[in-house]
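Coordinates in review
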Amino acid sequence: IIIKDNKILHTLSSDKCSSYPNYWTMPGGRIELGETSIENVIREVKEEVNLKFNPTKLFATFQWNNMELYRYLGTWEGNIKLEESESIDYDFFTYKQSLDLELAFDYKEIINNLYHQKMIK
């Protein structure tokens, strides 16, 4: 979960994605063999949006297709550059703007929890 100026980073998945094509999502992806969830999120954020991500808090977990998904908050640095085979657009959205998007997975719940915990406005 990447937040800047009370806005959440969302990426628009390409139509070639096997899970939720053309839906708004957040950087992340499947864990590789032998990788921890923290190593996974660092690698996936770098691959998908070219940011150096430092996870600071496990915010939530989610069950999907017999997999456990981890949602980390963290600090980040760098300039966004999309991995175009996975995402075709990105932007930072407010809480209300985020709720109007076609969101994948559990992201509507995540956004609502961020808002109710006063992590975003």
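Structural data are supplied above this passage.
Residues numbered from 1 in each chain as written. Predicted model: local features only at pLDDT ≥ 70, side-chain atom pairs only at ≥ 80, totals over all residues. Heavy atoms only, no water.

**Looking at the environment of Phe59**
Of note, Phe59 is situated in strand β4 (residues 52–64). In this structure Phe59 comes out as buried when scored by relative accessible area, which is 13%. For Phe59 and Tyr70, which are 11 residues apart along the polypeptide, the C-alpha to C-alpha distance reads 7.8 Å. Excluding anything up to four places from it in sequence, Phe59 contacts Ile1, Arg71, Tyr72, Leu73, Ile110, Asn113, Leu114, Gln117 and Met119. (Helix = DSSP H or I, 4+ residues; strand = E, 2+ residues; numbered from the N terminus. Buried < 20%, exposed > 50% of the residue type's maximum accessible area, 1.4 Å probe, protein only. Contact = heavy atoms within 4.5 Å.)

**Re the nonpolar core**
In a soluble, globular protein the nonpolar side chains are often hidden away together inside. Core analysis: the largest hydrophobic core is formed by 18 residues, its most contacted members being Ile1, Met26, Phe59, Ile110, Ile111 and Leu114. Of all elements in the fold, only β2 (7–13), β4 and α3 (107–116) reach the threshold of two or more residues within this core. If you tally residues by element for this core, the top one is α3, at 4 residues. Not counting the four nearest positions on each side in its chain, Leu114 is found in contact with Ile1, Ile3, Ile8, Phe59, Leu73, Met119 and Ile120. (Core = buried A, V, L, I, M, F, W, Y, C linked by side-chain atoms within 4.5 Å.)

**A word on the side chain of His10**
Within the fold, His10 resides in strand β2. A polar side-chain atom of His10 sits 2.9 Å from a polar atom in the side chain of Ser98. Apart from the residues within four sequence positions on either side, His10 is in contact with Trp24, Thr25, Met26, Asp89, Tyr90, Asp91, Phe93, Ser98, Leu101, Leu103 and Ile111. (Polar contact = N/O pair within 3.5 Å; in protein donor to acceptor, adjacent residues only side chain to side chain.)

**Some points on the pattern of salt bridges**
Working definition: two side chains of opposite charge can pair if their charged atoms are close together. Enumeration according to the criterion identifies 6 salt bridges in this entry. With a shortest N-O distance of 3.5 Å, Arg43 and Glu32 are connected by a salt bridge. Of the two residues, Arg43 sits in helix α1 (residues 37–49) while Glu32 sits in the loop between β3 (24–25) and α1, which places them 11 residues apart along the sequence. Under the relative-accessibility criterion, Arg43 is labelled buried at 18%. The partly exposed category is assigned to Glu32, whose relative accessible area is 44%. Each of Glu32, Glu35, Arg43, Glu44 and Glu47 takes part in salt bridges that share partners, so that together they form one network. (Salt bridge = Lys/Arg side-chain N within 4 Å of Asp/Glu carboxyl O.)

**A closer look at the pairing of β2**
Burial analysis of β2 places 6 of its 7 residues in the buried class, which makes it a mostly covered element. Here strand β1 (residues 3–4) runs beside β2; their pairing, made up of 2 bridges, is antiparallel. Bridge pairing links Ile3 to Ile8 in β2. Bridge count between β2 and strand β6 (residues 87–93): 6 bridges; the pairing is antiparallel. Opposite Ser13, over in β6, you have Ser87 as the bridge partner. Where β2 and β3 come together, 2 bridges link them in antiparallel fashion. Looking at the pairing, Leu12 lines up with Trp24 of β3. (Pairing = 2+ DSSP bridges.)

**Here we look at the packing of aromatic side chains**
A complete count under the given rule lists 8 aromatic pairs for this structure. Summarising the aromatic geometry, the rings of Tyr20 and Tyr23 are spaced 5.2 Å apart at their centres and angled 75° between planes, so their arrangement reads as edge-to-face. Plain terms: the ring middles of Tyr20 and Trp64 are 6.4 Å apart, the flat faces sit at 35° to each other, and that makes the pair tilted. Here Tyr20 is found in the loop between β2 and β3, whereas its partner Trp64 is found in strand β4, with 44 residues between them in sequence. Taking relative accessible area as the criterion, Tyr20 reaches 27% and is therefore assigned partly exposed. Joined through ring pairs, the aromatic side chains of Tyr20, Tyr23, Trp64, Phe105 and Tyr107 make up one cluster. One residue, Lys4, lies across the ring of Phe92, its end atom 5.5 Å from the ring centre. (Phe/Tyr/Trp six-rings, centres within 6.5 Å; stacked < 30°, edge-to-face > 60°. Lys NZ or Arg CZ within 6 Å of the ring centre and 35° of its normal.)

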